[in-house]
Amino acid sequence: MSPVSDLSPVPLALYWDFENLHASLFEERYGEGAYARPDNRFRLQEPLVDIEAVLALVRTLGPVALHRGYCNWQFLGRYRDTLLQRAMELVQLFPPGASAKNGADIRLCLDAVEDVQRHPQIGCVVVVSGDSDFMPLAQKLRAGGRRVVGVGARRTTNRHWAAACDAFHYYDDLVPAAGSPQEPGDRPFA
């Protein structure tokens with residue numbers, strides 16, 4: 001008889017480069033470069049991300065042991081209650097300047113590497129981002145025997161990042177088609 005652990009799904013860690021996905025959806029709606037303009041980026045944002053669609057995919061991969069979202073929540077605060085209801089730890093990042101880049105990426109990578117060392121039971125790491133900056137993270141995690149799954153918007157996901165993952169899912173394929181009926185729980189912000 002095989003041990004019970006062989007029958008159980010492997011616990012996973014879920015990390016969201018939250019602003020990356022939100023910005024991709026913003027630009028899809030309002031045009032290329034629209035999010036980068038300070039009058040757009042540095043104001044309270046309307047929710048665009050269908051969080052439940054991503055979580056539905058993740059639940060098929062195994063139980064979520066760690067769930068974190070990284071960004072400057074000052075401008076994405078309208079997501080707060082929805083994310084907290086889904087047990088996401090919100091990691092607040094204050095960029096040192098108006099054009100600061102990669103703060104979320106670096107913090108996410110450091111946390112992921114530390115987490116898999118501290119929690120050897122985590123067998124899969126899911127990163128929600130289309131950013132190629134996560135390629136080295138995927139390489140390190142895979143070398144350490146972890147499975148890496150990525151989720152990102154099709155239009156803005158770097159193809160090398162998608163290829164660096166064991167599996168990659170496009171956000172666009174997870175959400176209902178535009179104009180199709182949605183249940184209240186499936187909306188980006190409930």
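Residues numbered from 1 in each chain as written. Predicted model: local features only at pLDDT ≥ 70, side-chain atom pairs only at ≥ 80, totals over all residues. Heavy atoms only, no water.

A. Local environment of the nonpolar core. Counting residues in hydrophobic clusters, the biggest one holds 31 residues, and the most contacted among them are Trp16, Phe18, Val49 and Tyr79. Residues contacting Phe18, with those up to four places away along its chain left out, are Val49, Ile51, Tyr70, Cys71, Trp73, Leu76, Tyr79 and Leu83. Cys109, Val116, Ile122 and Leu137 belong to the second-largest nonpolar core, a separate cluster that totals 24 residues. (Core = buried A, V, L, I, M, F, W, Y, C linked by side-chain atoms within 4.5 Å. Buried < 20%, exposed > 50% of the residue type's maximum accessible area, 1.4 Å probe, protein only. Contact = heavy atoms within 4.5 Å.)

B. Summary view of the side chain of Thr157. As for its placement among the helices and strands, Thr157 is situated in the loop between strand 5 (147–152) and helix 8 (159–164). Look at Thr157 and you get buried, because its relative accessible area is 12%. Within polar-contact distance, the side chain of Thr157 engages the backbone oxygen of Ala153 at 2.6 Å. Those residues in contact with Thr157, other than ones at most four positions away along the chain, are Gly130, Gly152, Ala162, Phe168 and Tyr170. (Helix = DSSP H or I, 4+ residues; strand = E, 2+ residues; numbered from the N terminus. Polar contact = N/O pair within 3.5 Å; in protein donor to acceptor, adjacent residues only side chain to side chain.)

C. Representation of the sheet that holds strand 6 (residues 167–170) in the model. One open sheet holds the six strands; their spatial order is 3-2-1-4-5-6, and the pairing between them is parallel. Two strands bound the open sheet, and with one partner strand each, they are strand 3 (89–92) and strand 6. For this sheet the average axis-to-axis angle between neighbouring strands, irrespective of direction, equals 20°. Where strand 4 (residues 124–128) meets strand 5, five bridges bridge the pair, whose relative direction is parallel. Paired with Val128 across the two strands is Val151, which belongs to strand 5. The sheet strands contacting helix 2 (residues 18–30) are strand 1 (12–17), strand 2 (64–71) and strand 4, and the helix crosses strand 1 at an angle near 50°. Against the sheet, helix 6 (residues 103–118) makes contact with strand 1, strand 2, strand 3 and strand 4, and its axis sits at roughly 175° relative to strand 1, the strand it touches most. (Pairing = 2+ DSSP bridges. Axes fitted to C-alpha atoms, helices over the stretch in contact; angles between N-to-C directions.)

D. View of helix 4 (residues 51–61). When helix 4 is considered as a whole, its buried residues turn out to be Ile51, Glu52, Ala53, Val54, Leu55, Leu57 and Val58. Looking one or two places after helix 4, you find Gly62, whose phi comes out positive at around 145°.

E. View of the pattern of salt bridges. This model, assessed by the stated rule, comprises 13 salt bridges. Among the salt bridges present, the one from Arg37 reaches Asp39, with a minimum N-O distance of 3.6 Å. We classify Asp39 as exposed; its relative accessible area is 53%. Across the pair Arg59 and Glu52 runs a salt bridge whose closest N-O atoms are separated by 2.7 Å. The network of salt bridges with common partners includes Glu52, Arg59 and Arg86. (Salt bridge = Lys/Arg side-chain N within 4 Å of Asp/Glu carboxyl O.)

F. Structural context of unusual backbone geometry. In this structure, Ala87 takes a positive phi of about 60° despite not being glycine. Within the fold, Ala87 resides in the loop between helix 5 (80–85) and strand 3. Looking at Ala87, the relative accessible area reads 61%, which means it is exposed.

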